[in-house]
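Structural overview
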Amino acid sequence: MNTIKEHVFPFSFCFFLTSGYLIHPTPMWAIIFYAIIIPAFLIITFKNKEEITSLFKDKTFITGVILIIWFLLSISWGVNQPEFNTKKYITRSIVNLIFLFSAAYFFSNHTKWENLLFKILPYAVLINTLISTFLFYGVDTHTLSDRLTGWAETRHPILGSLVVLTGFCISFYQSQISTKNKDKILYATICFSCVLFVILTQSRGPLLTLLCIGIIFSIFSGKVVRRCAVGILFSIASIFLISDEIQNQVIQSLSRNPWRFEIWMDAWKYIQDAPIIGNGLASLNTFGAIEQKFPHSIYVSSAFFGGAIGLFLLLALFAQLAWAALNTEDRTTKAFHLGLLCVPVIGGLTDLAQVSKSPGELWYILWVPVTIIIGHSIKSRREQKQQAQQPSIE
């Protein structure tokens, strides 16, 4: 039992999250979750019920659970829900709920393994960016005017960029807490590769997210980081001003039709059909003239699928996470958590659909940041309680 709890489960969890950046297609690495993590976590739950039920002492965790359950329940009253889609999203909701429990448990109880994950995951991100650029420009012979598509879970220009940004936040955090200069330089190099990846995808939502993360890191970090940020911005601006070709490419990229407002206005018509409880998590519709299958905003999507209640739960979750991050005493960790939170909060403005999915991009974009912050909050309260119980020394 101790072997499963102390070694099998945490090792599998680290391997699972790292593999999403390295292994393609998704089922090849997702099988780790289904075949190892779920059985191991169920055994731990059966043997250590108190440890699992203690997660409910965290209000943010409870909101996350209620959020997933609400959208799952919405299937019971939803409209335009084909049987195949209903079954799919019932399964996805249950799987996502298990991930919320298992990830919150991991990040709140396995500090040693969490530290190991944060050390090795940036290397997986670096390998991903290298494979992506090599295949896209070297093998497929695309030009710089084409939008970069990545490898494994970064293969979508928008979602892939947000997945990379989660890795960017972890890499930056490691660059700040590392004690050796060579490690700091290495993690800083990985951060640069992430920035380059996002720029090459030409995805405006992730670029805005990156800007917000950069501002947060600059505010809470030292002079070196601020100077590096200014230097990078100056270099980008210089390249933009020097090259007419790059200017035209940037202007063309920024001015292309996003179709978002048309999609959102179309979604608003459906939202009004069930404004309070939503159209159901498995509802199928098309939005806009280009007939998109979801509203391309986590906020509009939540209102469409789960109504005002679903949107309120999502906003409540984000607000609680922001409050927890702001109340983190350590400035480096505070910056890390606020940066992580930008990935779903800002990145979700122009993309993302249902909040419940099977293993894939959404877990890296939404649920990994959520559970990292929740896990830290639980550990902090536990440590404060232990300190309060210790007898004072006269």
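Residues numbered from 1 in each chain as written. Predicted model: local features only at pLDDT ≥ 70, side-chain atom pairs only at ≥ 80, totals over all residues. Heavy atoms only, no water.

Secondary structure assignment for the protein chain yields 15 helices and zero strands. Against the globule reference of 21 Å for 394 residues, the protein chain gives a C-alpha radius of gyration of 21 Å, in line with a compact fold. Dimensions along the principal axes, computed over C-alpha positions, put the protein chain at roughly 70 × 55 × 40 Å. Across the 394 residues of the protein chain, 51% fall into the buried class. In the protein chain, the share of contacts with a sequence separation of at least 24, taken over all contacts with a separation of at least 6, comes to 76%. Total accessible area computed for the protein chain in this model is approximately 18,700 Å², and 67% of it derives from carbon and sulfur atoms. Averaging the locations of the 30 positively and 22 negatively charged side chains of the protein chain gives two centres separated by 6 Å. (Helix = DSSP H or I, 4+ residues; strand = E, 2+ residues; numbered from the N terminus. Rg over C-alpha atoms; globule rule 2.2 N^0.38 Å. Buried < 20%, exposed > 50% of the residue type's maximum accessible area, 1.4 Å probe, protein only. Contact = heavy atoms within 4.5 Å. Areas by Shrake-Rupley, 256 points an atom, 1.4 Å probe, with all protein chains shown as cover. Lys, Arg positive; Asp, Glu negative; His and termini not counted. Charge placed at Lys NZ, Arg CZ, Asp CG, Glu CD.)

Another aspect to go through is the packing of aromatic side chains. Across all of its chains, the model carries 38 aromatic pairs by this definition. Seen from their ring centres, Phe 33 and Tyr 34 are 6.0 Å apart, and the 80° between their planes marks the pair as edge-to-face. Centroid distance Phe 261 to Trp 264: 5.5 Å. Interplanar angle 80°. Geometry classified as edge-to-face. Of this pair, Phe 261 and Trp 264 both sit in helix α12 (residues 260-271), three residues apart, roughly one helical turn. Its relative accessible area of 63% is what places Phe 261 among the exposed residues. Classification of Trp 264 as partly exposed rests on a relative accessible area of 22%. Over the face of the ring belonging to Phe 46 we find Lys 49, whose NZ or CZ atom lies 4.6 Å from the ring centre. Taking the ring centre of Tyr 89 as reference, the NZ or CZ of Arg 92 above it sits at 4.9 Å. (Phe/Tyr/Trp six-rings, centres within 6.5 Å; stacked < 30°, edge-to-face > 60°. Lys NZ or Arg CZ within 6 Å of the ring centre and 35° of its normal.)

Here we come to the packing of helix α7 (residues 157-177) against helix α8 (residues 181-201). The packing of two helices is summarised by the inter-axis angle and the distance between the axes. Interaxial distance between α7 and α8 falls to 8 Å at its minimum, and their mutual angle equals 160°. Judged on the interaxial angle alone, α8 and α7 are roughly antiparallel. In the crossing of α7 with α8, the sense of the turn from one axis to the other is left-handed. Contact residues: α7 offers Pro 157, Gly 160, Ser 161, Val 164, Leu 165, Phe 168, Ser 171, Phe 172, Gln 174, Ser 175 and Gln 176, while α8 offers Lys 184, Tyr 187, Ala 188, Ile 190, Cys 191, Cys 194, Val 195, Phe 197, Val 198 and Thr 201. Considered class by class, the residues forming the contact of α7 with α8 number 13 nonpolar, seven polar and one charged. (Axes fitted to C-alpha atoms, helices over the stretch in contact; angles between N-to-C directions. Parallel < 35°, antiparallel > 145°, perpendicular 65-115°, else oblique. Left-handed = near helix turned anticlockwise from the far one by under 90°. Nonpolar A, V, L, I, M, F, W, Y, C, P; charged D, E, K, R; others polar.)

So, on to the confidence of the model for the protein chain. In this model, the protein chain carries an average pLDDT of 90, and 93% of its residues clear a pLDDT of 70 or more. Mean pLDDT per element in the protein chain: helix α11 (residues 244-255) is the minimum at 65, and helix α4 (residues 59-73) is the maximum at 97. (pLDDT = per-residue confidence, 0-100.)

Attention shifts here to the side chain of Asn 96. As for its placement among the helices and strands, Asn 96 is situated in helix α5 (residues 83-109). A distance of 2.9 Å separates a polar side-chain atom of Asn 96 from the backbone nitrogen of Lys 357. Beyond its immediate sequence surroundings of up to four residues, Asn 96 is in contact with Ile 68, Val 355, Ser 356, Lys 357, Leu 362, Trp 363 and Trp 367. (Polar contact = N/O pair within 3.5 Å; in protein donor to acceptor, adjacent residues only side chain to side chain.)

All right, on to the state of the cysteines then. Per the counting criterion, the structure on display carries zero disulfides. No disulfide involves Cys 169; its sulfur sits 7.4 Å from the nearest other cysteine sulfur, which is in Cys 342. Cys 194 takes part in no disulfide bond, and the closest cysteine sulfur, belonging to Cys 191, lies 6.2 Å away. Residue classification places Cys 194 among the buried positions, given a relative accessible area of 1%. (Disulfide = S-S within 2.5 Å.)

Moving on to the layout of surface pockets. The probe, sized like a water molecule, is rolled over the atoms to show the empty space still left. One number sums up the size of the second largest pocket: a volume of about 750 Å³. Counting only elements with at least two residues in the lining of the second largest pocket, the list comes to α4, α6 (111-139), α13 (298-326), α14 (331-347) and α15 (361-389). (1 Å grid on protein atoms, 1.4 Å probe; cavity = no way out; pocket = protein on both sides within 12 Å on 5 of 7 lines; lining within 4 Å. Points joined across faces, edges and corners; volume = space filled by probe spheres on them.)

Attention now moves to the environment of Gln 202. Position of Gln 202 among the secondary structure elements: in the loop between α8 and α9 (204-220). The class of Gln 202 is buried, set by a relative accessible area of 10%. Residues Gln 202 and Asp 146, spaced 56 residues apart in sequence, show a C-alpha to C-alpha distance of 8.5 Å.

Once that is clear, we can look at the pattern of salt bridges. This structure, assessed with the given rule, holds six salt bridges. Of the charged contacts, one joins Glu 114 and Lys 379 as a salt bridge, the two residues approaching to 2.6 Å between their closest N and O atoms. Of this pair, Glu 114 sits in helix α6 while Lys 379 is found in helix α15, placing the two residues 265 residues apart along the sequence. Salt-bridge contacts for Asp 351 lead to Arg 260; the nearest nitrogen and oxygen are separated by 3.7 Å. Taken as a pair, Asp 351 in the loop between α14 and α15 and Arg 260 in helix α12 lie far apart in primary sequence, 91 residues in all. (Salt bridge = Lys/Arg side-chain N within 4 Å of Asp/Glu carboxyl O.)

In contact at an axis separation of 8 Å, α8 and α9 are set at 150° when each is read in the N-to-C sense. Like other packed secondary-structure pairs, α8 and α9 cross with a definite hand, here left-handed. Counted together, Val 195, Val 198 and Ile 199 of α8 and Pro 206, Leu 207 and Leu 210 of α9 form the full contact between these two elements.

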